[in-house]
Amino acid sequence: MSRATAATIHLGALRDNLRRVRELAPGSKVMAVVKADGYGHGLERVARALQGADAFGVAGIADGQRLRAAGISQRVVVLSGPDDPGDLAEMRRLRLESVIHHDAQVEWLAADVDPRPLKIWIKLDTGMHRLGFAPERARELHARLRDLPSVERDIGLLTHFANSDVFDDAMTTQQIERFERALTGVEGERSLSNSAGILGWPEAQAQWVRAGGALYGISVVAGKIGADFGFRPAMTLTTRLIAINRVRKGEHVGYAATFECPEDMNIGIAAIGYGDGYPRHADGGTPVLVNGTRANLVGRMSMDLITIDLRNHPGAKIGDPVVLWGRGLPVEEIAMHADTIGYELTCGVTRRVRFVEDES
Ligand SMILES: *Cc1c(COP(=O)(O)O)cnc(C)c1O
């Protein structure tokens, strides 16, 4: 039998989550963000499940190539745009849209002689200081790009929030104001909000929202899980118990002997470790589900295996299912134990793990 470790991707949850985003942002088109292999859920699989999205957002051209090769015909926006001038031809060939965030890219477009215009989105940096032009340049850039034969006249306009998951943070208010002020009188569809923006900043929904985490059922709002906002987890990571060992009081479990048994007890060994993308920093006390009920990790995990305190699971036996995150066990909770966010965990599931799809 193959290794038991599997990531089940719930296609029905992906579809429901898209519906929920539409419900929350009824006046906006939805760009489904599928970068990083669909946040680890599988790019093509996610795109097929989310055919109802108005566009897909990807980080680079390679993802656009994969989407087109898979027969996905929707609009695709490359969120970091061309990396070199040669990319422009490939973007045209594949009908990819491009975010333009830097003067170097403007010059590549200006030097481009292909008469078939590209659809572009100008990105403004309203305070995050990662990608984008200073807002006060919006007008000048828009006018210049619009007149280039290599650019479609209908230009989109976007910005990205740094802190929208904190629902009362003045920084987001300031970013919204800077964006609107810079674009007064400038024509074009606007897009500001990521998932947290959709949830906490309805005034910023504009013509397009860009939903990533919400579609996978994951929240980055502190202390909240996707379900608190009506989303369902799209990935459940599971394995099985492959051994149950009786360990005596005073003995230690795992590398570096970090756990000492306070009494004679059963330790369950499950077939998953950091080689599968389970976070090595998850602390003792991180929950798993054994046969659907909670148990805690003990000791330090290894590449292929974790060790579980089975004191509350007297009936557990070899082969029993163990859920690491997903249905019944929010990935956000595991992320907290591992000092990270749910996104990083789903993105980090490795190639060794078998991916399975279900319709629910
Ligand atoms: C990743 C990303 C998003 C989606 O963010 P979520 O928090 O996952 O919703 C939106 N816009 C841009 C530019 C991004 O890079």
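About the cut-offs
Residues numbered from 1 in each chain as written. Predicted model: local features only at pLDDT ≥ 70, side-chain atom pairs only at ≥ 80, totals over all residues. Heavy atoms only, no water. Near = heavy atom within 4 Å. Polar contact = N/O pair within 3.5 Å; in protein donor to acceptor, adjacent residues only side chain to side chain. Areas by Shrake-Rupley, 256 points an atom, 1.4 Å probe, with all protein chains shown as cover. 1 Å grid on protein atoms, 1.4 Å probe; cavity = no way out; pocket = protein on both sides within 12 Å on 5 of 7 lines; lining within 4 Å. Sits in = over half its atoms within 2 Å of the grid points. Helix = DSSP H or I, 4+ residues; strand = E, 2+ residues; numbered from the N terminus. Phe/Tyr/Trp six-rings, centres within 6.5 Å; stacked < 30°, edge-to-face > 60°. Buried < 20%, exposed > 50% of the residue type's maximum accessible area, 1.4 Å probe, protein only. Lys NZ or Arg CZ within 6 Å of the ring centre and 35° of its normal. Core = buried A, V, L, I, M, F, W, Y, C linked by side-chain atoms within 4.5 Å. Domains from an automatic or database assignment. Contact = heavy atoms within 4.5 Å. Arc of directions from axis to C-beta. Buried area = accessible area lost by both parts, 1.4 Å probe. Salt bridge = Lys/Arg side-chain N within 4 Å of Asp/Glu carboxyl O. Nonpolar A, V, L, I, M, F, W, Y, C, P; charged D, E, K, R; others polar.

## Focus on the site of the ligand
- Near the ligand you find V33, K35, Y39, K123, H160, N194, S195, R210, A211, G212, G213 and Y343, and these make up its full shell.
- Taking S195, its side chain carries an N or O atom lying 2.5 Å from an oxygen atom of the ligand.
- Protein coverage of the free-state accessible area of the ligand, which is 390 Å², stands at 91%.
- The pocket occupied by the ligand, as judged from atoms lying within 2 Å of grid points, is the largest pocket.
- Put simply, the parts of the chain that give the shell around the ligand at least two residues each are helix 2 (35-39) and strand 9 (208-211).

## Focus: the packing of aromatic side chains
- Counted according to the given criterion, the structure contains five aromatic pairs.
- Where Y39 meets Y216, the ring centres are 4.6 Å apart and the plane angle is 20°; that geometry is what we call stacked. Taken as a pair, Y39 in helix 2 and Y216 in the loop between strand 9 and strand 10 (235-247) lie far apart in primary sequence, 177 residues in all.
- Its relative accessible area of 7% is what places Y39 among the buried residues.
- Between Y278 and W325 the ring centres are 6.1 Å apart and the planes differ by 15°, which places this aromatic pair in the stacked class. Linking Y278 in the loop between strand 13 (265-270) and strand 14 (287-290) with W325 in strand 17 (residues 321-325), this pair joins segments that are 47 residues apart in sequence. Like Y278, the residue W325 is buried in the burial classification.
- By way of ring pairs, the aromatic residues Y39, Y216 and Y343 are connected into one cluster.
- Lying across the ring of W121, K119 places its NZ or CZ 5.3 Å from the centre.

## Remarks on the nonpolar core
- Judged by nonpolar contacts, the single largest core of 102 residues is most densely connected at F56, Y278, V288, I306, I308 and W325.
- In this structure, this core is formed jointly by two domains, domain 1 (11-224) and domain 2 (235-358), each of which donates at least three residues.
- Ignoring any residue separated from it by four or fewer positions in sequence, one finds W325 in contact with M235, T236, L237, G277, Y278, P279, V331, I334, L345, T346 and V349.
- Residues A243, V253, F259 and I267 belong to the second largest nonpolar core, which totals nine residues.

## Thoughts on the side chain of H313
- Mapped onto the elements of the fold, H313 is located in the loop between strand 16 (306-309) and strand 17.
- Of the residues examined, H313 reaches a relative accessible area of 8% and is grouped as buried.
- Within the local environment of H313, its side chain forms a polar contact with the backbone oxygen of R294, the two atoms lying 3.4 Å apart.
- Those residues in contact with H313 that sit more than four places away from it in its chain are V290, T293, R294 and A295.

## What about helix 7 (residues 138-146)?
- Every buried residue of helix 7 is accounted for by A138, L141, H142 and L145. Along the axis of helix 7, the buried positions cluster into a sector of 100°, meaning they face one direction only.
- Of the surrounding secondary structure, the elements contacted by the buried residues of helix 7 are helix 6 (103-110), strand 6 (120-123), strand 7 (156-158) and helix 8 (170-182).

## Describing the domain arrangement of the protein chain
- Here the protein chain is described as being made up of domain 1 (11-224) and domain 2 (235-358).
- Relative placement of domain 1 and domain 2: their C-alpha centres are 37 Å apart.
- Across the contact, 15 residues belong to domain 1 and twelve residues belong to domain 2.
- When the two sides are added together, the surface that domain 1 and domain 2 hide from each other amounts to roughly 1,200 Å², 59% of it contributed by carbon and sulfur.
- The largest per-residue losses of area from domain 1 upon contact with domain 2 belong to Y39, R45 and I218, which jointly make up 39% of the total buried on that side.
- On inspection of domain 1 and its partner domain 2, the count reaches one salt bridge.
- R45 serves as the salt-bridge partner of E357, at 2.8 Å between the closest nitrogen and oxygen.
- Where domain 1 touches domain 2, the interface holds five residue pairs in polar contact (both at pLDDT 80 or more).
- Every element with two or more residues in the side of domain 1 that touches domain 2 is listed here: helix 1 (11-24) and helix 2.
- The element best represented in the side of domain 1 that touches domain 2 is helix 1, accounting for three residues.
- Tallied by class, the residues present in the side of domain 1 that touches domain 2 amount to six nonpolar, seven polar and two charged.

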